[in-house]
Amino acid sequence: MRIAKVTERISYIGVNDRRTALFENNWPIPYGVSYNSYIIKDQKNVLIDTVEYGSDGEFLDKIEACTGGGNLDYLVVNHMEPDHSGMIKSVLAKYPAMKVIGNAKTWELMQKYYGIPQENFMQVSDGEELNIGSSTLRFVFVPWVHWPETMVTLDAADGVLFSCDAFGGYGSLDGGIFDSDYNMEEVFLPEMRRYYSNIVAKYNQMVTRAIAKLAGVPVKMIAPSHGVVWKEAPEKVIALYSEWAASKAEEGVVIAYASMYGNTANLADQIGAKLSELGIRNIRTHDVSRSNVSYILSDIMRYKGFILGTCAYNTFMHPMMEHLCNELRIMGPKGKVMGIFGTSGWNGAGAKALAKFAEEARLNVVAPAVEAFGAPTSEKIGQSLDQFAEAFCKALKAE
Ligand code: FEO
């Protein structure tokens, strides 16, 4: 049984999931993911969030081991998404006198998902505090990070902020539970950026608001519900989330293309080479039929510019490009420099469809599209490629 200490009073009772291929049945997690749950042992014993149902056959045993077979007084539900709330009914069945703590919106969702008895629910308001013996818990609402009911909880005595999805990331905890146990640059930081772009980026404004709200909260450690506990450098994850929420990007360009017979891929490479000639560094090119959209989104979030290209497909864009565009519509990237290119047999349908998407998504297309009918030979596209690249670079450098 895996029970690590966060502090003398707080234990980690989360679980690693390396069996699920796709998080939310959508996003690849080659390094797995952890569902973190914590127990505070005090005069009142408090469970902070649970784990996904069925992910850990020992979850109830871990609670019992931490409480020494004693009572569990409270379960704090920071977030109702089932990767954290999945064990509420099981825990309540074992500890029927336990109070489940949440806000008014938590209660609404809890009824829809689990239908727990009213007498077990304890509603808290934003900023409310609860004395548990040697410490006080403070509940701070951070709506839409990641659902409307989401809140975070501070244990005042140890300065541990239980932040649920906020400040979390993909990647299982392969031994230690702290940031100081890993070379964070290797897996956790890239996986955290990808998690942010996939799950949280839609709510950038809410993240900025939440971070501002937490500015006055005395935090020594951040204990999220996915990924490492930030013990050594909690300020680092706050800084990263602040940058990402503010859409701050690095120098570089993502080129993502859909190609059936190589013509659009060829054009993508010509654009990449031309941008490189003009001094652009960090060009990342993805074939949307090969790179999972999760990774393309992460790169688009990371860099200042992105260029989408597609072949025509049944008078529209290629379906795999449509998938990327749909995710971009949801993510709503801000402050990006965008370009478009396409190939077709006769009617330029792909580039037209991309232009329509960009307009509807209010993206900043900075140059006329490069288009080729059939093979993108230099005779056909040489001039328009030069014009495109110059306009794109100019806009990129002005950002
Ligand atoms: Fe990890 Fe929004 O749940």
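Preceding block: the structure.
Computed from a predicted structure; not experimentally measured.

Student: Tell me about the layout of surface pockets, residues and numbers included.
Tutor: Left-over empty space is what a probe sized like a water molecule reveals as it rolls over the atoms. Taken as a whole, the largest pocket spans an internal volume of roughly 350 Å³. In this structure, the largest pocket is lined by 18 residues; those nearest its centre are Leu189, Pro190, Arg193, Ser298 and Arg302. Looking at the lining of the largest pocket, the elements that each hand over two or more residues are helix H5 (188–200), helix H7 (234–245) and helix H9 (293–302).

Student: I'd like a rundown of the sheet that holds strand E2 (residues 10–12), residues and numbers included.
Tutor: The strand order across the open sheet formed by seven strands is E1-E2-E7-E8-E9-E10-E11, and the pairing between neighbours is mixed. Each edge of the sheet is formed by a strand with only one pairing partner; in this case those strands are strand E1 (4–5) and strand E11 (121–123). In this structure, strand E8 (residues 46–48) lies alongside strand E9 (residues 74–76), joined through three bridges in parallel fashion. Note that in E9 the partner of Val46 across the bridge is Tyr74.

Student: How would you summarise the environment of Gln43 if you had to cite specific residues and measurements?
Tutor: Positionally, Gln43 belongs in the loop between strand E7 (38–40) and E8. Relative accessible area serves as the criterion here: at 68%, Gln43 is assigned to the exposed category. Placed 14 residues apart in sequence, Gln43 and Gly57 show a C-alpha to C-alpha distance of 27 Å. If sequence neighbours within four positions are ignored, Gln43 has contacts with Asp73, Ile132 and Gly133.

Student: A description of the sheet that holds strand E13 (residues 136–141) should follow, citing residues and the corresponding values.
Tutor: With respect to topology, five strands assemble into an open sheet ordered E12-E13-E14-E15-E16, the strand pairing being mixed. Unpaired on one side and paired on the other, strand E12 (129–131) and strand E16 (221–224) mark the two borders of the sheet. Taken pair by pair, the neighbouring strands of this sheet meet at an average axis angle of 20°, ignoring direction. Alignment of strand E15 (residues 160–164) against E16, held across four bridges, turns out to be parallel. Its bridge partner being in E16, Leu161 is matched across the sheet by Ile222.

Student: Describe the nonpolar core, with residues and values.
Tutor: Tyr241, Leu308 and Leu324 are the most contacted members of the largest nonpolar core, which totals 113 residues. In contact with Leu324, other than residues within four places in its own chain, are Ala256, Val288, Val293, Ile296, Leu297 and Leu308.

Student: Just give me the short version of the side chain of Asn204, but keep the residues and values in it.
Tutor: Tracing the backbone shows Asn204 in helix H6 (residues 204–214). Relative accessible area serves as the criterion here: at 14%, Asn204 is assigned to the buried category. A polar contact of 2.6 Å, which involves the side chain of Asn204, links it to the side chain of Tyr196.

Student: Can you explain the side chain of Glu149? Please cite residues and give values.
Tutor: Considering the arrangement of structural elements, one finds Glu149 in the loop between E13 and strand E14 (151–155). The buried charged residue Glu149 lacks any salt bridge, with Lys105 as its nearest oppositely charged partner at 8.9 Å. Sequence-distant contacts of Glu149, defined by excluding residues within four places in its chain, comprise Asn78, His79, Met80, Glu81, Asn103, Lys105, Thr106 and Leu109.

Student: Talk me through empty space enclosed by the protein; I want residue IDs and the actual numbers.
Tutor: Under the criterion given, the structure shown has three cavities of 30 Å³ or more. Its boundaries defined by the atoms lining it, the largest cavity holds a volume of some 90 Å³. Tyr196, Ala201, Asn204, Trp244, Ser247, Lys248, Met301, Met331, Pro333, Lys334 and Lys336 together form the lining of the largest cavity. Class assignment of the residues belonging to the lining of the largest cavity gives a composition of six nonpolar, two polar and three charged. Counted as a void, the second largest cavity has a volume near 50 Å³. Every residue lining the second largest cavity is listed: Val142, Val145, Val152, Ala166, Phe167, Val207, Ala210, Ile211, Leu214 and Tyr241. Here the lining of the second largest cavity gets four residues from one element, more than from any other, and that element is H6.

The rules behind these values
- Residues numbered from 1 in each chain as written.
- Predicted model: local features only at pLDDT ≥ 70, side-chain atom pairs only at ≥ 80, totals over all residues.
- Heavy atoms only, no water.
- 1 Å grid on protein atoms, 1.4 Å probe; cavity = no way out; pocket = protein on both sides within 12 Å on 5 of 7 lines; lining within 4 Å.
- Points joined across faces, edges and corners; volume = space filled by probe spheres on them.
- Helix = DSSP H or I, 4+ residues; strand = E, 2+ residues; numbered from the N terminus.
- Pairing = 2+ DSSP bridges.
- Buried < 20%, exposed > 50% of the residue type's maximum accessible area, 1.4 Å probe, protein only.
- Contact = heavy atoms within 4.5 Å.
- Axes fitted to C-alpha atoms, helices over the stretch in contact; angles between N-to-C directions.
- Core = buried A, V, L, I, M, F, W, Y, C linked by side-chain atoms within 4.5 Å.
- Polar contact = N/O pair within 3.5 Å; in protein donor to acceptor, adjacent residues only side chain to side chain.
- Lys, Arg positive; Asp, Glu negative; His and termini not counted.
- Salt bridge = Lys/Arg side-chain N within 4 Å of Asp/Glu carboxyl O.
- Nonpolar A, V, L, I, M, F, W, Y, C, P; charged D, E, K, R; others polar.

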